[in-house]
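Residue-level structure breakdown
Listed below, chain by chain, are the residues.
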Amino acid sequence: MSRVIKVFDTTLRDGEQSPGATLNVLEKLEIARALERLRVDAMEAGFPIASPGDFESVRTIAEEIRTVTIVALARAVEKDIDRAWEALKPAARPRIHTFIATSPIHMEYKLRKTPNEVLRMATEAVRYAKRFTEDVEFSAEDATRSDPEFLCKVFEEVINAGATVINIPDTVGYTTPSEFHNLIRYVIEHTPNIDRAELSVHCHDDLGMAVANSLAAVQAGVHQVEVTINGIGERAGNAALEEVVMALKTRNDFFNATTLVDTRQIYRCSSLVSALTGLHVQVNKSIVGKNAFAHESGIHQDGVLKERATYEIMSPEDIGLTANRLVLGKHSGRHAFRKHLLELGYDLPEEELSRAYESFIELADRKKEVSDRDIEALIRGELTAVEDLYSLDYLHVSSGMTSIPTATVRLVREGQVFEEAACGDGPVDAAYRAVDRVVQMDATLEEYQLRAVTSGKDALGEVSVKVRVGERVYTGRGVSMDIIVASVRAYLNALNKAGSDLMRQLPKDSVCE
Ligand code: KIV
Ligand code: ZN
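So, the domain arrangement of the protein
Domain annotation for the protein reports domain 1 (3–277), domain 2 (303–308 + 320–382) and domain 3 (391–504). Distance between the C-alpha centres of domain 1 and domain 2: 36 Å. Opposite the 7 residues of domain 1 that make contact, domain 2 presents 9 residues. At the surface where domain 1 touches domain 2, the tally comes to 0 salt bridges. Between domain 1 and domain 2 we count 0 residue pairs in polar contact (both at pLDDT 80 or more) in total. Considering each element in turn, the side of domain 1 that touches domain 2 owes the most residues, 4 residues, to helix 11 (residues 266–277). A class-by-class count of the residues in the side of domain 1 that touches domain 2 yields 2 nonpolar, 2 polar and 3 charged.

Printed below as a string of structure tokens:
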């Protein structure tokens, strides 16, 4: 019988700490729903003390997601734990996750505390968290550079104080698979009460070994792996959920361990996280990269046609990647559209469905046949939409080799119409300047990416941007057959997010250690 390894997803906490990734509350909720469909065991929804936005996200997710354990992070201090509990209270299955560093370098330079003080803080934090909930996880930050004897002492004491999960993080991505395996074995053999808690690992990818280290830990006997979708996270990121899960599934003969994840949701979840964070997945990324199932060489194609298993160790359907069929046209009704979305795995609420259907009709009017990939791009567009402060009503751009690029835009805000024109270095620049004249938000474009959703001259263009407004960076996405329209939609999407934050006065405070 295979052991079942629990999957603890931290996309919304450690993943969101990726440079350049910022998610608002609605986007986090959308990802939380996708993680629930993916059937992870636990999701870390945020670090409530870090900012009012983080607090609100954890609270909103705790209110809505009922079938997954919701985790909130807290340093080993009472005010963090109070705030974590305040946010977690409505959860059906709440878990407080408290942490403190145990390595000599962190204790001496960052915390300026002696090992005994750290031991006391860890124990008191767990005991304090237990007042609120039965389920308390303790992490020894920088465990892989800690003295193993001290580590076991801390674990023994926090288990006595009530910790139900003990996490061993490789915070700086320093360890190697065999070394990590030995450390886990050491902890199991030298912590007398270890059988009273579940053992977990949390690996970073600084040396590209996060997944290998997590799998080595599974072999050594841990019960839980902490991972993120697409491996996003602090610096080089965390162990990628899809890689760990598919390795356990594909090599069950070797690991004799499995997870409860519905792997057919992996592709959809990966695309959503990539669209909402603006962090694109590299084409050769394992499992979810565009080329992961593409066979380029003739020998491989020939082999796969004769017998798939010659060159494919997993099937694309296992991760929910269906063939890109040309499916619907402008005469397909709303009912057929909805039915097709359900087949693709999207069960949209009525309002989102109506907006998606409108975009589909608009697209089908210009493109003879709309494919699955087109539809998925439109859906991602709907999911990234926020309550529109400004919507694009009209755009005219003139540019060319001998003319000065000029754009005229008409935007609508609460029924009021605003029109502006501007010149720029190119058509996108001109259009963005015209938008700036209306919106007047002091925005700086920090990143702009354009890609075609499918091949072919009539492909949809998908633009993602990062726009700085004050202290915060906002991600925006826009989809259209016209790349300038897609560009303006993406820019407006980011500005609308900034506008809604400004109206709610939600600054992103920095976390002070
Ligand atoms: O990497 C790390 O050590 C962490 C802890 C807070 C678990 O993210
Ligand atoms: Zn981490």
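As for the nonpolar core
In terms of nonpolar packing, the biggest core is built from 97 residues, with Met-43, Phe-138 and Ile-168 touching the most fellow members. Counting residues in each nonpolar core, the second largest holds 30 residues, with Tyr-390, Tyr-432, Val-463 and Ala-486 among its members.

A closer look at the pattern of salt bridges
Within this structure, the stated rule accounts for 39 salt bridges. Put simply, Asp-54 and Lys-28 hold a salt bridge, and the shortest N to O gap is 3.3 Å. Within this pair, whereas Asp-54 is found in helix 2 (residues 52–64), its partner Lys-28 is found in helix 1 (residues 25–38), the two being separated by 26 residues in sequence. When its relative accessible area of 7% is taken as the criterion, Asp-54 is described as buried. Its relative accessible area of 1% is what places Lys-28 among the buried residues.

Comments concerning the site of ligand 1
For ligand 1, the full set of nearby residues is Arg-13, Asp-14, His-97, Phe-99, Ser-139, Glu-141, Asn-167, Pro-169, Thr-171, His-202 and His-204. Interatomic distance of 3.0 Å between a side-chain N/O atom of His-204 and an oxygen atom of ligand 1. Protein contacts shield 94% of the accessible area of ligand 1, which totals 260 Å² for the unbound molecule. Classifying every residue of the shell around ligand 1 gives 2 nonpolar, 6 polar and 3 charged.

Focus: the coordination of the zinc ion (ligand 2)
Bound to the zinc ion (ligand 2) are the protein donor atoms Asp-14 (OD), His-202 (NE2) and His-204 (NE2), situated 2.0 to 2.1 Å from the metal. One chain supplies every donor to the zinc ion (ligand 2), and in sequence these donors are spaced D-x187-H-x1-H. Relative accessible area serves as the criterion here: at 5%, His-202 is assigned to the buried category.

Digging into the state of the cysteines
Under the defined criterion, the tally for this structure stands at 0 disulfides. As a non-bridged cysteine, Cys-152 has Cys-203 as the owner of its nearest cysteine sulfur, 17 Å distant. What makes Cys-152 buried here is its relative accessible area of 4%.

So, the sheet that holds strand 2 (residues 6–9)
In spatial order, the strands read 2-3-4-5-6-7-8-9; together these 8 strands close into a barrel with parallel pairing. Averaged over all pairs of adjacent strands, the angle between their axes in this sheet comes to 25°, without regard to strand direction. Judged from the 6 bridges that link them, strand 4 (residues 69–75) and strand 5 (residues 94–101) form a sheet pairing that is parallel. For Leu-73, the partnering residue across the bridge sits in strand 5 and is His-97. The strands touched by helix 5 (residues 115–130) within the sheet are strand 5 and strand 6 (136–141), with strand 5 carrying the most contacts at an inclination of about 170°.

Remarks on the sheet that holds strand 13 (residues 391–398)
In spatial order, the strands read 13-14-15; together these 3 strands make up an open sheet with antiparallel pairing. Strand pairing shows two members of the sheet lacking a second neighbour, strand 13 and strand 15 (416–423), which therefore form its edges. Each strand of the sheet is rotated relative to its neighbour by a mean of 15°, with strand direction disregarded. Across 7 bridges, the pairing between strand 13 and strand 14 (residues 406–413) is antiparallel. Residue pairing in the sheet places Tyr-394 in a bridge with Arg-410 of strand 14. Sitting on the sheet, helix 16 (residues 427–439) touches strand 13, strand 14 and strand 15, and the angle it makes with strand 15 is about 140°. Strands strand 13 and strand 14 of the sheet are contacted by helix 17 (residues 483–504), whose axis makes an angle of about 140° with strand 13.

What counts, and at which threshold
Residues numbered from 1 in each chain as written. Chains lettered and ligands numbered in written order. Predicted model: local features only at pLDDT ≥ 70, side-chain atom pairs only at ≥ 80, totals over all residues. Heavy atoms only, no water. Domains from an automatic or database assignment. Contact = heavy atoms within 4.5 Å. Salt bridge = Lys/Arg side-chain N within 4 Å of Asp/Glu carboxyl O. Polar contact = N/O pair within 3.5 Å; in protein donor to acceptor, adjacent residues only side chain to side chain. Helix = DSSP H or I, 4+ residues; strand = E, 2+ residues; numbered from the N terminus. Nonpolar A, V, L, I, M, F, W, Y, C, P; charged D, E, K, R; others polar. Core = buried A, V, L, I, M, F, W, Y, C linked by side-chain atoms within 4.5 Å. Buried < 20%, exposed > 50% of the residue type's maximum accessible area, 1.4 Å probe, protein only. Near = heavy atom within 4 Å. Areas by Shrake-Rupley, 256 points an atom, 1.4 Å probe, with all protein chains shown as cover. Donors = N, O, S within 2.8 Å, 3.2 Å for Na, K, Ca; no water. Disulfide = S-S within 2.5 Å. Pairing = 2+ DSSP bridges. Axes fitted to C-alpha atoms, helices over the stretch in contact; angles between N-to-C directions.

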